[in-house]
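# Fold and geometry: a report
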Amino acid sequence: MIEFSKVTKSYSVGTRALKGVSMQIEDGEFVFLVGPSGSGKSTIIKLITGELKPTSGTVHVNGYSLERIRKREIPYLRRTVGVVFQDFRLIENKTVYENVAFVMRAIGAREREIRERVPYVLNLVGLDTKSRRHPGELSGGEQQRLAIARALVNNPSTIIADEPTGNLDPARSLEIMSLLAEINNLGTTMLVVTHEMDLVERFPRRVITIDDGLVVHDGMDGYYQYENQ
Ligand code: ADP
């Protein structure tokens, strides 16, 4: 579960990125987080992953209290949250298989587990036939699938996708969003940051709209027209 209670975040005097955000995302939910540039979306993500601490208020993520988490606990928190970025962040000189195996090795997984789990997640994202390729030999959509496989491989309870379709054409974007919905159906909580109104409309889910550091709308009734405010 992700729970923000009256969260504020100031970067420096005069920059109040969040001004009192309260929201709760239950296990297994699929939520879109939308809002104009500079509204505070990245700040929310960084508070969830423990990159930042709130200035005031409380942030609870999968059993951890982020306002008082210890540095040595952060790696354990991060195993519960997989992050998918717009720019994929793949390792170019490693194969598809190794890009995924790498994040299992990073947490000390055994080779035997790796040999079982990596093919499973590559199959889930539809890359089972490309395991020996390198990222540079994949299309944009395939690279994003690989990034999703990597975020998934350590079996996090939550995935945060930060503009996952920002670099893809509409058809590929739809495929990626379908894949995220499928993964959510398997039980993973999904928080998707996006600007793409068309996609949000095609996947009727809860939408949290943030503007100027505040939640201005939270509901199942589609994309809130913040541009027209
Ligand atoms: P979004 O992701 O919605 O574009 P951000 O969370 O990145 O919004 O930014 C929210 C506000 O905080 C903006 O006014 C931005 O300029 C400011 N901000 C973000 N990061 C920093 C930082 N490291 N130092 C100072 N101000 C920042």
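Look a little higher up for the structure.
Here is what the cut-offs are and how they apply
Residues numbered from 1 in each chain as written. Predicted model: local features only at pLDDT ≥ 70, side-chain atom pairs only at ≥ 80, totals over all residues. Heavy atoms only, no water. Helix = DSSP H or I, 4+ residues; strand = E, 2+ residues; numbered from the N terminus. Buried < 20%, exposed > 50% of the residue type's maximum accessible area, 1.4 Å probe, protein only. Contact = heavy atoms within 4.5 Å. Polar contact = N/O pair within 3.5 Å; in protein donor to acceptor, adjacent residues only side chain to side chain. Pairing = 2+ DSSP bridges. Axes fitted to C-alpha atoms, helices over the stretch in contact; angles between N-to-C directions. Near = heavy atom within 4 Å. Areas by Shrake-Rupley, 256 points an atom, 1.4 Å probe, with all protein chains shown as cover.

### Digging into the environment of Ser22
- Within the secondary structure, Ser22 sits in strand S2 (residues 15–25).
- Among the residues examined, Ser22 registers a relative accessible area of 40% and is labelled partly exposed.
- When the C-alpha positions of Ser22 and Val59 are compared, they lie 9.2 Å apart, and in sequence the two are 37 residues distant.
- Setting aside chain neighbours within four positions, we find Ser22 in contact with Phe4, Ser5, Lys6 and Val215.
- A polar side-chain atom of Ser22 sits 2.8 Å from the main-chain amide nitrogen of Lys6.

### Structural notes on the sheet that holds strand S9 (residues 206–211)
- The six strands lie next to each other as S6-S7-S8-S3-S9-S10, forming an open sheet whose pairing is mixed. The open sheet terminates on both sides in strands that have one partner only, identified here as strand S6 (81–85) and strand S10 (214–219). Neighbour-to-neighbour, the strand axes of the sheet open up by a mean angle of 20°, direction not taken into account.
- The pairing of S6 with strand S7 (residues 158–162) spans five bridges and is classified as parallel. Directly across from Val81, in S7, lies its bridge partner Thr158.
- Against the sheet, helix H6 (residues 170–185) makes contact with strand S3 (30–34), S7 and strand S8 (189–193), and its axis sits at roughly 155° relative to S8, the strand it touches most.

### With respect to the site of the ligand
- Tyr11, Thr15, Ala17, Pro36, Ser37, Gly38, Ser39, Gly40, Lys41, Ser42 and Thr43 make up every residue found near the ligand.
- The separation between an oxygen atom of the ligand and a polar main-chain atom of Ser39 is 3.1 Å.
- In the environment of the ligand, an oxygen atom lies 2.5 Å from a nitrogen or oxygen atom belonging to the side chain of Ser42.
- Relative to its unbound accessible surface of 560 Å², the ligand loses 59% to contact with the protein.

### What to know about the side chain of Thr189
- The topology assignment puts Thr189 in strand S8.
- At 2.9 Å, the side chain of Thr189 forms a polar contact with the backbone nitrogen of Gly28.

### Some thoughts on the sheet that holds strand S4 (residues 56–61)
- With respect to topology, four strands assemble into an open sheet ordered S2-S1-S4-S5, the strand pairing being antiparallel. The open sheet is flanked by S2 and strand S5 (64–65), the only strands paired with a single partner.
- The sheet contact formed by strand S1 (residues 2–12) and S2 spans eight bridges and is antiparallel. Residue pairing across strands places Glu3 opposite Gln24, the latter belonging to S2.
- Packed onto the sheet, helix H1 (residues 41–48) meets S1, S2 and S4 and runs at close to 115° relative to S1.

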